[in-house]
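Read off the chains here:
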Amino acid sequence: MSLLKLDNVTIRFGGLIAVDKVNLTVEQGEILSLIGPNGAGKSTIFNLITGIYSPTEGNIYFEDRSIGSKKPYHLAAAGIARTFQTIHLFNNLTVLDNVLIGAHTRGKWNVTGALLKFTPWVRGEERELTEWAYDCLERVNLADKADELAMNLSYGAQRRLEIARGLAVRPKLLLLDEPAAGMNPQEKATLLKMVKAIRDSGVTIFLVEHDMKFVMSISERISVLDYGVKIAEGPPEAIRSNPKVIEAYLGKGAVNSA
Ligand SMILES: Nc1ncnc2c1ncn2[C@@H]1O[C@H](COP(=O)(O)OP(=O)(O)O)[C@@H](O)[C@H]1O
Ligand SMILES: [Mg+2]
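Heads up: these notes are all about the structure in this document. None of these values were measured; they are calculated from a predicted model. (Residues numbered from 1 in each chain as written. Chains lettered and ligands numbered in written order. Predicted model: local features only at pLDDT ≥ 70, side-chain atom pairs only at ≥ 80, totals over all residues.)

For the rest of this paragraph, the subject is unusual backbone geometry. Of all residues except glycine, most have a negative phi; of all peptide bonds, most are trans. Even without being glycine, Asp 64 reaches a positive phi, approximately 70°. Tracing the chain through its elements places Asp 64 in the loop between strand S4 (57-62) and strand S5 (65-66). By C-beta crowding, Asp 64 is classed as exposed, having 9 other C-beta atoms within 10 Å. The backbone of Asn 141 sits at a positive phi, close to 65°, despite the residue not being glycine. Tracing the backbone through its elements, the reader meets Asn 141 in the loop between helix H5 (120-139) and helix H6 (155-167). When the 15 C-beta atoms within 10 Å are taken as the criterion, Asn 141 is described as partly exposed. (Helix = DSSP H or I, 4+ residues; strand = E, 2+ residues; numbered from the N terminus. Buried ≥ 20, exposed ≤ 12 C-beta atoms within 10 Å, placed from the backbone.)

So, about the sheet that holds strand S3 (residues 31-35). Pairing within the open sheet is mixed, and its six strands lie in the order S6-S7-S8-S3-S9-S10. Both outer strands of the open sheet, strand S6 (80-82) and strand S10 (229-234), are each paired with one neighbouring strand and no more. Direction aside, the axes of adjacent strands within the sheet are offset by 20° on average. Here S6 runs beside strand S7 (residues 173-177); their pairing, made up of three bridges, is parallel. For Ala 81, the partnering residue across the bridge sits in S7 and is Leu 174. (Pairing = 2+ DSSP bridges. Axes fitted to C-alpha atoms, helices over the stretch in contact; angles between N-to-C directions.)

We now examine the site of ligand 1. Ligand 1 sits among Phe 13, Leu 16, Ala 18, Gly 36, Asn 38, Gly 39, Ala 40, Gly 41, Lys 42, Ser 43 and Thr 44. Those elements that provide at least two residues to the shell around ligand 1 are strand S2 (16-26) and helix H1 (42-49). Considering every element that reaches the shell around ligand 1, the biggest residue donor is H1, with three residues. In the shell around ligand 1, the residues fall into four nonpolar, six polar and one charged. (Near = placed C-beta within 6 Å. Nonpolar A, V, L, I, M, F, W, Y, C, P; charged D, E, K, R; others polar.)

It is worth spelling out the nonpolar core at this point. Within soluble globular proteins, side chains that are nonpolar tend to cluster in buried spots. Of all hydrophobic cores here, the largest spans 69 residues; its most connected members are Val 99, Ala 133, Ala 164 and Ile 205. Ignoring anything within four residues of it in the chain, the contact list for Ala 133 reads Leu 96, Val 99, Leu 100, Ala 103 and Ala 168. (Core = buried A, V, L, I, M, F, W, Y, C linked by C-beta atoms within 7 Å. Contact = placed C-beta atoms within 7 Å.)

What follows is the structure in C-alpha cells.
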C-alpha cells in the first residue's frame, strides 16, 4: 500500500489546466521530490493533497482512503502536515507558541480546553504538549530560541520553525514546499541533515525544491512536472540524464549544474 496516491488528478483554474492527469505515489518511509520549472503545478499539487483545493477530476488517497474532498483540518488530523513556499508564521507569537498551535491540531486540547485551563486534566495535557513542542524544536535545532518572537529569527531559522510546527501534528507525511529557498549553503547543509533525520524517525517526506544539488543528494526518487504534466520519474541519476527533463530546464542550467 502506498502512503499517498494521486490517481489521474486534474485541476483547472478557468481555462488553465494547472495539474493534468497526474498519477503519483508516495511510498511509506521515502523521500520523494517533485521538481519542475516555475508554474509547473508543484505547489498546486501540495494544495490538492492538503485539501486547500479539490481535484476537478481524479482522486487522492491517503492510506487507501479517499481524501479528495476533505478539508485541511481533517487532513492534518489524519497525519498530513506541510510547510508553505512563503513563510506562514505568527510573527508576534513566540517560537514555542507557533509550534503549540500545530500541536493543538492533534491534541484533545481546544478552545474549550483553553477556557477550562484550571481543570487538572487540561493542565496535564498542556504540559505534555509543551514538552512535545520542545521535542519538535529540538529536531530543527531551535529549542534554545523557544521564547523569542518568531519575527526576530533569521530567515533560515523561520523556515526551520515552519518544519517544527509541521512536526507538531505528529505527521505520517510531511510536505515541504521549497524548504531551502533563500538559505545559504551552510544552512542548506544543516537542513539536509535535519530532513534526513526526520525521515529516519519515521516521517515520510514529499519535497518541492529548486536547488538541484539539494534534491539530488536527498531524494530516493524524483518526479518531474512540466506544465502540469508528469514528464519523468525515477532515481536521481536517471532524472539528471533524462532528455525530457533536460529539455524542460533548457537554458536554466539547473539540472546540469547540480
Ligand atoms: N488559485 C489559483 N487560481 C488561478 N491560477 C492558479 C491558482 N493557483 C495556481 N494557479 C496557476 O497554476 C499554475 C501552477 O502554479 P503553482 O502550482 O504555484 O506552480 P509551481 O509551484 O510549480 O511554481 C500557475 O500557472 C499558477 O498561476
Ligand atoms: Mg510553487
